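Structural overview
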Number of protein chains: 2
Amino acid sequence: MTAATTTIARSDCIALDASDKLAPLRDLFSLPPNQIYLDGNSLGVLPTATAGRLQAVIADDWNRAGWMDLPNRIGDKIGSLIGASPGQVVVADSTSINLYKVLSVALALQRADATKTTILSDASMFPSDLYVAEGLAKTWNLELQLVPTSDLLTAIGPHTAIVLLTPVSYRTGELLDMHQFTSVAHGAGALMVWDLAHSAGAHVVDLLGCNADFAIGCGYKYLNGGPGAPSFVWAHPRHVNAVSQPLQGWLGHDTPFAFESSYTPARGIQRYVAGTPPVLSLAALECGVDTVLAAAPLGGMLALRQKSLALTRLFIDCITERCGDAFEVVTPIEDARRGSQVSLRFRRGSGQDAYAIIQALIAEHSVVGDFRAPDLARFGFTPLYTRFVDVFDAVHAIASVLETRAYEAQVYQVRAKVT
Amino acid sequence: MTAATTTIARSDCIALDASDKLAPLRDLFSLPPNQIYLDGNSLGVLPTATAGRLQAVIADDWNRAGWMDLPNRIGDKIGSLIGASPGQVVVADSTSINLYKVLSVALALQRADATKTTILSDASMFPSDLYVAEGLAKTWNLELQLVPTSDLLTAIGPHTAIVLLTPVSYRTGELLDMHQFTSVAHGAGALMVWDLAHSAGAHVVDLLGCNADFAIGCGYKYLNGGPGAPSFVWAHPRHVNAVSQPLQGWLGHDTPFAFESSYTPARGIQRYVAGTPPVLSLAALECGVDTVLAAAPLGGMLALRQKSLALTRLFIDCITERCGDAFEVVTPIEDARRGSQVSLRFRRGSGQDAYAIIQALIAEHSVVGDFRAPDLARFGFTPLYTRFVDVFDAVHAIASVLETRAYEAQVYQVRAKVT
């Protein structure tokens, strides 16, 4: 790597933006003025279309329109971003609820085999996913086995019933090889469940190609669906009709309007819809998903991934050059192992210092990243609306916070609040 | 009853509206012009405040505001309408999902007693609730016992683990005595679970007073929260901390922002929140709930109930007088046994005729009721926005549809679609 010896000028970044064919997509968003938003991996930016769409729903569609179509229509759109076929994805409920559905089904599929005793996951998996898995493991008398990322492949064994992973670590930004993990899981007779929260809209995902078993994901991160946007769920065709998921609701019924007193699950992924869909939140989610689909004529997810990698690479190069003595880049520098975010560990101080640096960046420079305990400063780079010059300016702001020690005042405030 | 011999004039109804202290509440709604909307038991009307509130959420609160507070704040507001104390109700997920949570907990509480083998419900319970109960009964090897409403009290026995009922039948509008049923259930050692979908905002509910065990309900019917609005859930304080509900999500965690890898349920009803709340849908729900709370200075739920009874009584009297030979009133005429709707069975024809009458009413008279298979025409009377003159005009429209036989053309269309 030659990063630390390369000198990058702001004018270079402006030139990169000028030649970026995806640059016009930024106009699809209502970005706060004078802010550099590097938190799209937590909550995507508001699309400009959302406000009008919600007004239209209120004016025209309040009375039932969309209750039936939206979960499938938006599901198909998301499916096109993650390597699923039309009719294989629906939008429903929250990520936690959808994970409960697919884990329950996966457990039911494995129950006949008494040697399958564990759900395996990453010790740094989304905690919320671990809560769902922990509850089901307890109910069904299985072990939830958590190991460090580096030990995952060797931990998969004949006892493994299910491997539950996210392709991109929310903490480090490390990207796993979905083909490799799915293949190793299958080799051990385990089912592979992916949480695509930091993947859908962020990098190329090929669910059918890697032969995964189940996937779920989040609507409000790279899909820009707004706070608490509904989640999506996918089951491989070989599993989708095998068993009924446990949250049996009327919109997962084969004939919901017959109002039969007994449950007959719908064929296909429709059975993963349970209760009545939240139409307003779904409408906003569709606006968000449409911003990603707008990249299709410009090269689609492959082009977005190329830009994402260029943005994160630029950030790593710049931060190494300007602040390499202060920060360790925790995220892998190899492109194939990096998601759409970069995480930094502050070398000099405590986790509280990293938190204070993020707070100072927001307060003094309107550069929005976030902090993940115990000690990571985390920056997400959404290729739809992040410019190369934003990366340069964000690093300049980080360097400035370090030089002026502005974060020390923030540390003081944090401590004052705690005590 | 003297209903059939009373002659009611339109001017009488206008006079009733003029002296109705709740009449100004109608201005809180964006009612479609020239329409008489008698379907608020299916989907409430759009509050005038909702559009502005959604714009405000988009403009000001997109970035996280409300994620934490809304489920509790709106929960407390709903709690005040159903006889629960502050901190006892949260808004989360859909009715089906919340029913799954409370039934799972109730089953866990009863599991130690091997004599408790059945979940008892009404054969005409909401089908969607029966789907959830059926799934759990199968998982836990219990029987789901369904009996006619009239047999419910005697069917409760020592084998009954859980009694699952709705106070108001969605089909007939019959209102059950919540105190009596809860008391009989407890006498048999069963737990009482109420679905308040057709109750919250429609009649006086006193969960603590009747000593119920669990309750759930819907946000988009009498609470006017909009299509697919989130649901609410209540657990009696004696149960709320007893066991963890199975859908363990990060917002039900005791310390969600510590991102611990193991689940510790929050104290109190907060543990019934699972994933991230859908902020846009919650904001709209709050506008809806606020329309009901606006009745508080005018007498609150008691005043709303009085008006609701007056409206349904007027409808029954008018329909009996004008169309008594054509329709049987299925809903009980005793006030204490009637919810906020009236259901009619067409004496002359098939269920398809009742469906056709509803379609003709909507198409030719802009009177919106709905149909429930196999043979019921159903009319809901929301006291917040329904006028006495609306009742008179609706009956006039129904009589007109009968007299002109307009519905026969509708029957033809229905049959044409089916064949």
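Each chain has its residues counted from 1, running along the sequence as written. Think of it this way: whatever chain is written first is A, whatever ligand is written first is 1, and the rest follow in order. Owing to the predicted nature of the model, reporting of local features is limited to residues with pLDDT of at least 70; listing and counting of side-chain atom pairs is limited to 80 or more, with chain, interface and lining totals taken over all residues. The side-chain numbers reported here are obtained from all heavy atoms of the structure, hydrogens and water having been left aside.

Now for helix H11 (residues 351-365) of chain A. All names here are of chain A. Relative to the 21 Å expected for 15 residues at 1.5 Å per residue, H11 spans 21 Å between its end C-alpha atoms, a close match to the ideal helical length. To sort residues, take the accessible area from a 1.4 Å probe on protein chains only and compare it with the maximum for the residue type: under 20% means buried, over 50% means exposed, and anything in between is partly exposed. By the criteria applied, helices consist of DSSP H or I runs no shorter than four residues and strands consist of E runs no shorter than two, each listed in order from the N terminus. Among all positions in H11, only Gly351, Asp353, Ala354, Ala356, Ile357, Ile358, Ala360 and Leu361 are buried. Looking one or two residues past H11, serine 366 carries a phi angle of roughly 55°, positive in sign. Expected span of a helix, by definition, is 1.5 Å for each gap between consecutive residues, and there is one gap fewer than residues.

All names here are of chain A. Topologically, threonine 382 is positioned in the loop between strand S13 (376-380) and helix H12 (388-404). Within the structure, the side chain of threonine 382 is placed 3.2 Å from the side chain of tyrosine 385, a separation counted as a polar contact. Beyond its immediate stretch of four places on either side in the chain, threonine 382 contacts Gly40 and Tyr222. Polar contact is defined as a pair of N or O atoms within 3.5 Å, subject to the rule that within protein one atom must be able to donate a hydrogen and the other to accept it, and that residues adjacent in sequence are counted only when both atoms are side-chain atoms. In what follows, a contact means two residues having at least one pair of non-hydrogen atoms within 4.5 Å.

This brings us to the UniProt feature "modified residue: N6-(pyridoxal phosphate)lysine" (unreviewed entry) in chain A. Residue and element names in this part refer to chain A. UniProt positions are given in the numbering used here, feature names are shortened, and annotations may be inferred rather than shown by experiment. UniProt annotation of "modified residue: N6-(pyridoxal phosphate)lysine" (unreviewed entry) refers to Lys221 when read in the numbering used here. On the secondary structure map, lysine 221 appears in the loop between strand S7 (214-217) and strand S8 (232-235). According to the relative accessible area criterion, lysine 221 is buried, its value standing at 12%. Those residues in contact with lysine 221 that sit more than four places away from it in its chain are Gly40, Asn41, Ser42, Leu43, Gly44, Ala197 and His198.

To form a nonpolar core, buried Ala, Val, Leu, Ile, Met, Phe, Trp, Tyr and Cys residues must be joined to one another through side-chain atoms within 4.5 Å. Ranked by size, the top nonpolar core spans 204 residues in total, and within it A:Ile82, A:Tyr272, B:Ile82 and B:Tyr272 carry the most contacts. When sequence neighbours within four positions are dropped, the list of residues in contact with A:Ile82 reads A:Val89, A:Leu196, A:Ala200, A:Val205, A:Asp206, A:Leu207 and A:Phe232.

In this complex, chain A contributes 59 residues to the contact, which on the side of chain B involves 59 residues. In this description, buried area is defined as the sum, over both parts, of the accessible area (probe of 1.4 Å) that is lost when the two are combined. Here chain A packs against chain B, burying approximately 5,100 Å² in sum over the two surfaces, 65% of which is carbon and sulfur. The three residues of chain A that bury the most area against chain B are A:Trp62, A:Tyr131 and A:Pro227, which together make up 16% of that side's buried surface. A pair is scored as a salt bridge if a Lys or Arg side-chain nitrogen falls within 4 Å of a carboxyl oxygen belonging to Asp or Glu. In this assembly, chain A and chain B are joined by zero salt bridges. At the boundary of chain A and chain B, one finds 18 residue pairs in polar contact (both at pLDDT 80 or more). Among the elements of the structure, helix H2 (49-61), helix H4 (95-110), helix H5 (127-139) and helix H9 (279-293) of chain A are those that each provide at least two residues to the side of chain A that touches chain B. With eight residues, the top contributor of residues to the side of chain A that touches chain B is H5(A). Side-chain classes follow a simple rule in which Ala, Val, Leu, Ile, Met, Phe, Trp, Tyr, Cys and Pro form the nonpolar group, Asp, Glu, Lys and Arg form the charged group, and the remainder, Gly included, forms the polar group. Within the side of chain A that touches chain B, the residues separate by chemical class into 31 nonpolar, 22 polar and six charged.

Further remarks concern the sheet that holds strand S5 (residues 160-165) of chain A. Two pairing modes exist for strands in a sheet, parallel and antiparallel, and in both the strands are linked by backbone hydrogen bonds. All names here are of chain A. With mixed pairing, the seven strands of this open sheet are ordered in space as S2-S8-S7-S6-S5-S3-S4. Taken across any chain shown, the strands that pair with only one partner, and hence form the sheet edges, are strand S2 (89-91) and strand S4 (143-147). Across the sheet, the axes of successive neighbouring strands diverge by a mean angle of 20°, strand direction being ignored. A pair of strands is labelled paired if DSSP reports no fewer than 2 bridges between them. The pairing of strand S3 (residues 118-122) with S4 spans five bridges and is classified as parallel. Directly across from leucine 120, in S4, lies its bridge partner glutamine 145. Along the sheet, helix H3 (residues 70-79) contacts S2 and S8; its crossing angle with S2, the most-contacted strand, is approximately 125°. Relative to S7, H4 is tilted by about 170°, and along the sheet it contacts S3, S5, strand S6 (191-195), S7 and S8. For helices, the fitted line uses only the C-alpha atoms of the stretch in contact; every axis is such a line through C-alpha atoms, and the angle between N-to-C directions lies from 0 to 180 degrees.

Residues and elements named next belong to chain B. For this text, the term disulfide refers to a pair of cysteine sulfurs within 2.5 Å. Throughout the structure, instances matching the rule amount to zero disulfides over all chains. Here cysteine 13 is not cross-linked by a disulfide; its sulfur's nearest cysteine counterpart is in cysteine 318, at 5.6 Å. On the basis of relative accessible area, cysteine 13 is assigned to the buried category, the value being 0%.

Here we come to the UniProt feature "binding site: pyridoxal 5'-phosphate" (unreviewed entry) in chain A. Residues and elements named next belong to chain A. In the numbering used here, UniProt assigns the "binding site: pyridoxal 5'-phosphate" (unreviewed entry) feature to Ser96, Phe126, Pro127, Ser128, Asp129, Asp195, His198, Tyr220, Trp250 and Thr276. On the basis of their most widely separated C-alpha atoms, the annotated residues across 181 residues do not gather in one place, lying as much as 30.3 Å apart. Within the secondary structure, phenylalanine 126 is located in the loop between S3 and H5. By the secondary structure assignment, serine 128 is in helix H5. Given the relative accessible area of 18%, serine 128 is considered buried.

Right, let's talk about the sheet that holds strand S12 (residues 370-372) of chain B for a bit. All names here are of chain B. Reading across the sheet, the four strands line up as S9-S10-S13-S12 and stay open at both edges, with antiparallel pairing between neighbours. The open sheet has two free edges, formed respectively by strand S9 (327-329) and S12, since each of these has just one partner strand. For this sheet the average axis-to-axis angle between neighbouring strands, irrespective of direction, equals 35°. Of the pairings in the sheet, the one linking S12 to strand S13 (residues 376-380) comprises three bridges and is antiparallel in character. Residue pairing for S13: arginine 372 is matched across the bridge by leucine 376. Together, S9, strand S10 (341-346) and S13 form the strand contacts of helix H11 (residues 300-323), whose direction differs from that of S10 by roughly 20°.

What follows concerns the confidence of the model for chain A. Residues and elements named next belong to chain A. Overall, the predicted model of chain A reaches an average pLDDT of 93, with 95% of residues at or above 70. Values of pLDDT, which run from 0 to 100, indicate the predictor's confidence residue by residue. Scored below 50 in pLDDT, residues 415-419 makes one contact in the model with residues more than four places away or belonging to other chains. Predicted complex, confidence summary: ipTM 0.94, pTM 0.95.

The next thing to look at is the packing of H4(A) against H5(A). All names here are of chain A. Look at H4 against H5: their axes get within 10 Å of each other, and the N-to-C directions meet at 40°. As judged from the angle between their axes, H4 and H5 are oblique. Seen from above, H4 lies across H5 with right-handed handedness. Judged by residue contacts, Ser96, Leu99, Tyr100, Leu103, Ser104 and Leu107 of H4 engage Ser128, Asp129, Val132, Ala133 and Leu136 from H5. Of the residues contributing to the contact of H4 with H5, the split by class is seven nonpolar, three polar and one charged. Comment on the angle field: the value is read as roughly parallel under 35 degrees, roughly antiparallel over 145, roughly perpendicular from 65 to 115, and oblique elsewhere. Helix crossings get a hand from a simple test, with the near helix turned counterclockwise from the far one by less than a right angle marking a left-handed crossing and a clockwise turn marking a right-handed one.

Residues and elements named next belong to chain A. Taken as a whole and judged by the stated rule, the model has 39 salt bridges over all chains. Two residues, glutamate 286 and arginine 53, come together in a salt bridge whose shortest N-O distance is 2.9 Å. On the criterion of sequence distance, the pair formed by glutamate 286 in helix H9 and arginine 53 in helix H2 is long-range, its members being 233 residues apart. Glutamate 286 sits in the buried class, given a relative accessible area of 3%. For arginine 337, the salt bridge goes to glutamate 174, with nearest N and O atoms at 3.1 Å. Here glutamate 174 lies in the loop between S5 and helix H7 (178-187) and arginine 337 lies in the loop between strand S9 (327-329) and strand S10 (341-346), a separation of 163 residues in the sequence. By sharing partners, the salt bridges in this structure join Arg53, Arg73, Lys77, Glu286 and Asp290 into a single network.

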